[in-house]
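# Observations on chain architecture
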Amino acid sequence: MKKHNFYAGPSILPQYTIDESIAAMKDFAGTGLSILEVSHRSKEFDAVMAETEALFKDLLNVPQEYRVIFVGGGASTQFFTVPYNLLQTRAAYLNTGEWATKAIEEAEIFGEVVVVASSKNKNFTYIPRDFTIPTDVDYFHFTSNNTIYGTEIREDFDSPVTLVSDMSSDILSRPVDVSKYGLIYGGAQKNLGPAGVTFVILKESILGKVERRIPTMVDYRTHIKKNSLFNTPPVAAVYSCLMTLRWLKNLGGVEVMEKINIAKSSLLYETIESSKFFRPTIPNPQDRSRMNVCFVLKDEYKDLEKPFLEFASGRGMVGIKGHRSVGGFRASLYNALPLESVQALVDCMKEFEAAN
Ligand SMILES: *Cc1c(COP(=O)(O)O)cnc(C)c1O
């Protein structure tokens, strides 16, 4: 049976990425060696690292004076690496979910945190709009896509201070005006590649302004200076990321990707909206994520949760159980997920409705 992979992360990758990664596991760049066993100091891997940064910059239209570095530790390590490097006295954060909350907790270790707005009062089911970014802070941080709750901020804020964003789960899903940001980071395992590598897009001029000493490995300047080869990077994971970037370039880039993502998410949201059994968890259509579509059964049909999950899994749907803090269902529609998989899920929901 064909499987439709709706996992929230690690998650579906393009078939091209899988095929090329398998090929490189056997013979990387004609070296006769596996990508698993080549030196990160080899000229062949040097070329991989250089192309990965260049293609990333090309696809997101990253300005000249920015760098893209690849490090370990996941987005969670960035929660403290960002304040380590940037927070001198105080920083402002927008609290839109669990990941944002975790980022706030880590920043509090380094200085004062001003939470400009929070949607915690309604279990993070909306994006707060009524706030201003203070001018007396070192930076303003927000999470562009709230993977767990299914909300998304697609606005590149005009910020009076350095703008920082966790874009783990919607990077490269749409165009972003990178020039408005000082720093963008994320784990690769949602839209880019396998787990184990983290990207950081940053403008060098935001660095060097804090007084504390920074350990070498968490100092962004280390990785900038050494082109992400200061220590051993996750070689195979970086290679797979490059394959996804090539796939995206070949598809036509982020503008084309965005159109496809709009088509996929609209199809699913419209189906949920018009359904007898289901309802979306995010009331305002403007706040809804294109990447993680969260929905639940209406109160009067709550006992159909388990039967629907079983029905769906019998039709090849994988990973649609909602996160424990939301319940219900979550379908992650990352870049690599084809429209056919969304159609299959929609058909499955309709079939289930007809049968019950
Ligand atoms: C998955 C996710 C994280 C955590 O990433 P790790 O790489 O597991 O540390 C952080 N923020 C967002 C928005 C995520 O989706």
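Residues numbered from 1 in each chain as written. Predicted model: local features only at pLDDT ≥ 70, side-chain atom pairs only at ≥ 80, totals over all residues. Heavy atoms only, no water.

## Overview of the site of the ligand
Put simply, the test is: We call a residue near a molecule or strand when any one of its heavy atoms sits within 4 Å of it. Think of a polar contact as two N or O atoms within 3.5 Å of one another; within protein, one of them needs to be a possible hydrogen donor and the other a possible acceptor, and neighboring residues in sequence only count if both atoms come from side chains. Note on areas: Shrake-Rupley, 1.4 Å probe, and residue coverage restricted to the protein chains presented here. Under the grouping applied here, Gly and all other residues not named as nonpolar or charged are polar, the nonpolar ones being Ala, Val, Leu, Ile, Met, Phe, Trp, Tyr, Cys and Pro and the charged ones Asp, Glu, Lys and Arg.
Taken together, 13 residues lie near the ligand, and Ser76, Thr147, Asp166, Gln189 and Lys190 sit nearest. Side-chain polar atom of Ser76 to an oxygen atom of the ligand: 2.6 Å apart, as the coordinates give it. Thr147 is positioned with one of its side-chain polar atoms (N or O) 2.4 Å from an oxygen atom of the ligand. When isolated, the ligand has an accessible area of 390 Å², and the protein chains bury 87% of it. For the shell around the ligand, the residue count by class is 3 nonpolar, 8 polar and 2 charged.

## Some details on the packing of aromatic side chains
The test is simple: Centres within 6.5 Å are what make two rings of Phe, Tyr or Trp a pair, Trp counting through its six-membered ring; a difference in plane orientation under 30 degrees is then read as stacked, over 60 as edge-to-face, and the rest as tilted. Counting from the N terminus, the helices are the DSSP runs of H or I reaching at least four residues and the strands are the DSSP runs of E reaching at least two. Exposure categories follow from relative accessible area, calculated using a 1.4 Å probe and restricted to protein chains: below 20% of the type maximum is buried, above 50% is exposed, and the middle band is partly exposed. To sit over a ring, a charge needs its Lys NZ or Arg CZ within 6 Å of the ring centre and within 35 degrees of the ring normal.
Tallying each qualifying case throughout the model produces 24 aromatic pairs. On the numbers, 5.8 Å between centres and 70° between planes, the contact of Tyr93 with Tyr139 is edge-to-face. Of this pair, Tyr93 sits in strand E3 (residues 90–95) while Tyr139 sits in strand E5 (residues 139–143); the two residues are 46 residues apart in sequence, bridging distant segments of the chain. Taken as a pair, Tyr93 and Tyr139 share a single burial class, namely buried. With a centroid separation of 4.5 Å and 50° between ring planes, the pair formed by Phe277 and Tyr301 is classed as tilted. Taken as a pair, Phe277 in the loop between helix H7 (254–273) and strand E11 (278–280) and Tyr301 in the loop between strand E12 (292–297) and helix H8 (305–313) lie far apart in primary sequence, 24 residues in all. Overall, the relative accessible area of 24% leaves Tyr301 in the partly exposed class. These aromatic residues form a ring-pair network of at least three members: Phe277, Phe278, Phe295, Tyr301, Phe308, Phe311, Phe329 and Phe352. Seen from the ring of Tyr126, Lys122 lies directly overhead, with NZ or CZ sitting 5.7 Å from the centre.

## Let's talk about the UniProt feature "binding site: L-glutamate" (unreviewed entry) in the protein
Threshold: UniProt positions are given in the numbering used here, feature names are shortened, and annotations may be inferred rather than shown by experiment. A contact between two residues is defined here by any heavy atoms of the two lying within 4.5 Å.
Mapped onto the present numbering, the UniProt feature "binding site: L-glutamate" (unreviewed entry) falls on Arg41. Here Arg41 is to be found in the loop between helix H1 (15–26) and helix H2 (43–60). Excluding residues within four positions of it along the chain, Arg41 makes contact with Leu229 and Phe230. Side chain to side chain, Arg41 and His40 meet in a polar contact 3.4 Å long.

## Some thoughts on the pairing of E3
Applicable threshold: By convention, a crossover is right-handed whenever its connection, traced from the first strand over the helix to the second and viewed with the strands pointing away, goes clockwise.
Of all 6 residues in E3, 5 are buried, a share of seventy percent or more. Note that the unit made of E3, helix H4 (residues 98–107) and strand E4 (residues 112–118) has a crossover that is right-handed.

## A short note on the UniProt feature "binding site: pyridoxal 5'-phosphate" (unreviewed entry) in the protein
On the UniProt side, "binding site: pyridoxal 5'-phosphate" (unreviewed entry) is annotated at positions that read Ala75, Ser76, Trp99, Thr147, Asp166, Gln189, Asn231 and Thr232 here. These annotated residues cover 158 residues of sequence, and their C-alpha atoms reach 30.4 Å apart at the extreme, placing them across more than a single site. Among the structural elements, Ser76 can be located in helix H3 (residues 74–86). A relative accessible area of 38% means that Ser76 is categorised as partly exposed. Topologically, Asp166 is positioned in strand E8 (residues 162–166). Looking at Asp166, the relative accessible area reads 3%, which means it is buried.

## Describing H1
In plain terms, the rule: The length a helix should cover is 1.5 Å for every residue beyond the first.
For H1, built from 12 residues, the straight-helix expectation of 16 Å at 1.5 Å per residue is met to within 8% by its first-to-last C-alpha distance of 17 Å. Packing partners of the buried residues in H1 comprise helix H6 (235–251).

## Section: the nonpolar core
Definition in use: Residue types Ala, Val, Leu, Ile, Met, Phe, Trp, Tyr and Cys, when buried and joined through side-chain atoms within 4.5 Å, form a set referred to as a nonpolar core.
Counting 54 residues, the largest nonpolar core has Phe56, Leu60, Phe140, Ile171, Leu172, Ile184 and Ile201 as its most contacted members. Elements supplying a minimum of two residues to this core: H2, strand E2 (66–71), E3, E4, E5, strand E10 (198–203), H6 and H7. For this core, the element with the most residues is H6, which contributes 10 residues. Apart from residues no more than four positions distant in its own chain, Ile201 is found in contact with Phe56, Leu60, Val62, Tyr66, Arg67, Val68, Ile171, Val178, Gly182, Leu183 and Ile184. Among the nonpolar cores identified, the runner-up in size contains 29 residues, and Phe308, Leu309, Leu333 and Val346 belong to it.

## Remarks on the packing of H2 against H6
What counts, and what does not: Axis lines are fitted through C-alpha atoms, for helices just across the contact stretch, and the angle between N-to-C directions can take any value from 0 to 180 degrees. The cut-offs work like this: below 35 degrees is roughly parallel, past 145 is roughly antiparallel, 65 to 115 is roughly perpendicular, and the gaps in between are oblique. Crossings are assigned a handedness: left-handed for a near helix turned anticlockwise from the far helix by less than a right angle, right-handed for a clockwise turn.
At their nearest, the axes of H2 and H6 sit 9 Å apart, and the two run at 40° to each other. Comparing their axes, H6 and H2 come out oblique. Seen from above, H2 lies across H6 with left-handed handedness. Each of Phe45, Val48, Met49, Glu51, Thr52, Leu55, Phe56, Asp58 and Leu59 in H2 lies in contact with H6, whose residues at this interface are Val235, Val238, Tyr239, Leu242, Leu245, Arg246, Leu248 and Lys249. Split into classes, the residues belonging to the contact of H2 with H6 amount to 12 nonpolar, 1 polar and 4 charged.

## Section: the packing of H1 against H6
Running from amino to carboxyl end, H1 crosses H6 at an angle of 140°, the nearest separation of the two axes being 9 Å. Regarding the angle of H1 to H6, the classification is oblique. The two elements H1 and H6 cross, and the hand of that crossing is right-handed. Residues Tyr16, Thr17, Glu20, Ser21 and Ala24 of H1 form the contact with H6, whose own contacting residues are Tyr239, Ser240, Met243, Thr244, Arg246 and Trp247.

## What to know about the pattern of salt bridges
The condition that has to hold: Any Lys or Arg side-chain nitrogen located within 4 Å of an Asp or Glu carboxyl oxygen qualifies as a salt bridge.
As enumerated under the stated definition, the model contains 16 salt bridges in all. Measuring nitrogen to oxygen at the nearest pair gives 3.4 Å for the salt bridge that ties Arg174 to Glu152. Of this pair, Arg174 sits in the loop between E8 and strand E9 (183–187) while Glu152 sits in strand E7 (residues 151–152), and the two are 22 residues apart along the sequence. Among the residues examined, Glu152 registers a relative accessible area of 2% and is labelled buried. Members of the salt-bridge network, linked through shared partners, are Glu152, Arg154, Asp170 and Arg174.

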